[in-house]
Amino acid sequence: MTIKRVGVIGSGIMGSGVAEVAAKAGFEVVLRSRAQASADAMIAGLEKSLAKQVDRKKLDDTERTAVLGRVRAVSDLGELAECDLVLESIVEEMAPKLELFAELDRICGEDAILATNTSTLSVAKMAAATGRPGQVCGIHFFNPAPAMALVEIVRAAASSDKTIATARAFAESCGKTAVDVRDQAGFIVNALLFPYLNNAVKLLADEVATRDDIDAAMKGGCNFPMGPLELLDLVGLDTSLSIIEALHAEFEDPNYEPSPMLVRLVKDGKLGRKAGAGFYDYPKK
Ligand SMILES: NC(=O)c1ccc[n+]([C@@H]2O[C@H](COP(=O)([O-])OP(=O)(O)OC[C@H]3O[C@@H](n4cnc5c(N)ncnc54)[C@H](O)[C@@H]3O)[C@@H](O)[C@H]2O)c1
């Protein structure tokens, strides 16, 4: 199946990143946010990001204009009716995702593929909210989407071979390396990564070491580009907590129980970079 028009839903960290990647790869992108103001703000963000790339000579002016010309920001979900592929990237909670999948199933053409960018949640449950479970899969980009090479293609029990092949072709057209994974909480990367991140918060809470020393230790000792607490701030602490809770629920491993410190930070609205504060403070630019 050939994908021409891609719908991206959600105006958070991932929605904007994926929209940029897809538009740069030549797809027409319909970017949907619930409020037109945030949809418009995403276009402004995209303009800023492309302008930086032009300044750094990574993109020329003609390409910038072409990329912007391929993206349309909308608030009405009905505008996604003509998309060949819709990738939702809304909050990491099952209830709103199920509601969205049911609505998309009503709105989108019968051949359209409906995909989720979820980090851990069951793709099968989302597929079951539609009348086309064979055309549902996970297409899991990483953060920041324009920079990260990997995409996990998540196969739920009912996903058809054609859906998986189309999703893989889409990810590869976006210049990404695609890996296949079965629909199990955390897929590959987050199943391995988040127990480690959660344990880093536990070390901090137990005052085994300071924030800066925990991050410095993993950068210097394991050659990781970022420390675990910096990475949690980048991902978003609310999203991270949802991921750890999903892993804990699936594997019932006491070691996966979310650190109370992480829970408290989320309750306090300290959600990481996107909120201006998390383990670190991020002054507004
Ligand atoms: N942050 C990451 O590092 C990362 C990486 C890969 C995948 N993901 C996944 O991408 C998805 C989005 O994550 P994000 O980091 O962009 O989150 P975010 O918090 O930056 O953005 C969430 C978006 O969802 C919208 N939203 C909130 N409640 C909603 C509802 N009830 N209905 C519709 N929209 C709603 C918000 O307005 C916002 O636009 C999640 O499924 C997450 O697991 C996140």
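No experiment lies behind these values; they were computed from the predicted model shown.

So, the overall build of the protein chain
Looking only at helices and strands, the protein chain has 11 helices and eight strands in total. A compact globule built from 285 residues should have a C-alpha radius of gyration of about 19 Å, and the protein chain, at 19 Å, falls within 12% of that. For the protein chain, the spread of C-alpha atoms along the three principal axes comes to 55 × 45 × 30 Å. As displayed, the protein chain has an accessible area near 13,500 Å², and 52% of this comes from carbon and sulfur atoms. Counting 32 positive and 40 negative side-chain charges, the protein chain places the centres of these two groups 4 Å from one another.

A look at the nonpolar core
Residues L85, I139, F141, I153 and F170 are the most contacted members of the largest nonpolar core, which totals 38 residues. Among all residues touching F170, those that are not within four sequence positions of it are V6, A22, F27, L85, I139 and F141. V86, C108, V181 and F187 belong to the second largest nonpolar core, which has 24 residues in total.

Some points on the site of the ligand
Neighbouring residues of the ligand: 21 residues in total, closest E92, K97, S119, V235 and K274. Relative to its unbound accessible area of 840 Å², the ligand is 82% covered by the protein chains. When residues of the shell around the ligand are traced back to their parent elements, those giving at least two are α1 (13-24), α4 (94-107) and β6 (136-141).

With respect to the pairing of strand β2 (residues 28-32)
Counting buried positions along β2 gives four out of five residues, so the element sits mostly inside the fold. Pairing analysis gives five bridges linking strand β1 (residues 5-9) to β2, with the strands arranged parallel. Across the sheet, G7 pairs through a bridge with V30, a residue of β2. Note on the crossover from β1 through α1 to β2: the handedness is right-handed. Where β2 lies against strand β3 (residues 71-74), four bridges are found, and the strand directions are parallel. Bridged to R32 within β3 is V74.

A word on the pairing of strand β8 (residues 177-182)
Judged from the six bridges that link them, strand β7 (residues 150-155) and β8 form a sheet pairing that is parallel. Residue pairing in the sheet places E152 in a bridge with V179 of β8. In this fold, the crossover linking β7 to β8 by way of helix α6 (residues 161-173) has right-handed handedness.

How each quantity is defined
- Residues numbered from 1 in each chain as written.
- Predicted model: local features only at pLDDT ≥ 70, side-chain atom pairs only at ≥ 80, totals over all residues.
- Heavy atoms only, no water.
- Helix = DSSP H or I, 4+ residues; strand = E, 2+ residues; numbered from the N terminus.
- Rg over C-alpha atoms; globule rule 2.2 N^0.38 Å.
- Areas by Shrake-Rupley, 256 points an atom, 1.4 Å probe, with all protein chains shown as cover.
- Lys, Arg positive; Asp, Glu negative; His and termini not counted.
- Charge placed at Lys NZ, Arg CZ, Asp CG, Glu CD.
- Core = buried A, V, L, I, M, F, W, Y, C linked by side-chain atoms within 4.5 Å.
- Buried < 20%, exposed > 50% of the residue type's maximum accessible area, 1.4 Å probe, protein only.
- Contact = heavy atoms within 4.5 Å.
- Near = heavy atom within 4 Å.
- Pairing = 2+ DSSP bridges.
- Right-handed = clockwise from strand over helix to strand, strands pointing away.

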